[in-house]
Amino acid sequence: MLNVTEIYSKLGTGFCIIKDGKILESYLLDNTQSQKLDMVAKITAVLPEDFEAGILEFDIKNMFGAIKMEDKIVIFPVKTDNLGEILKRKGALYEV
């Protein structure tokens, strides 16, 4: 798995890494985002095993992109519900 600075350079935003419904690590997120991501972390425990990428939305101001990497999920704030943009970021994370 990439280290946090590599992930940040590819996503261009703060993020957190979640495994088994728990936040393992967060990077450059404000308190409001961190509080929302505590709730999101619990939701990820029930995502289907074949989940690859998507958008988790609380409301128009609180949307998060989610990308599965190995047995973890990288979650980051987004301002768009454009799944294509999320998949583009997924491709960037998997580039060597």
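Note that the structure is a prediction, hence the values are computed from the model and not measured.

S.K.: Account for helix H1 (residues 4–11), with residues named and values stated.
M.R.: Along H1, the residues that are buried comprise Val4, Ile7 and Leu11. End-on view of H1: buried residues confined to an arc of 60°, all on one side of the axis. Against strand E1 (15–19), strand E2 (22–27), strand E5 (72–78) and helix H3 (83–94) lie the buried residues of H1. Immediately downstream of H1, the backbone of Gly12 shows phi near 75°, a positive value.

S.K.: Before we move on, could you go through the environment of Phe58 and cite the residues and values that matter?
M.R.: Within the secondary structure layout, Phe58 lies in strand E3 (residues 53–59). Exposure remark for Phe58: the relative accessible area of 32% places this residue in the partly exposed category. Note: C-alpha distance between Phe58 and Val40 (18 residues apart in sequence) is 9.3 Å. Ignoring sequence-local partners within four residues, the contact set of Phe58 consists of Lys36, Met39, Val40 and Phe64.

Procedures and definitions
- Residues numbered from 1 in each chain as written.
- Predicted model: local features only at pLDDT ≥ 70, side-chain atom pairs only at ≥ 80, totals over all residues.
- Heavy atoms only, no water.
- Buried < 20%, exposed > 50% of the residue type's maximum accessible area, 1.4 Å probe, protein only.
- Helix = DSSP H or I, 4+ residues; strand = E, 2+ residues; numbered from the N terminus.
- Arc of directions from axis to C-beta.
- Contact = heavy atoms within 4.5 Å.

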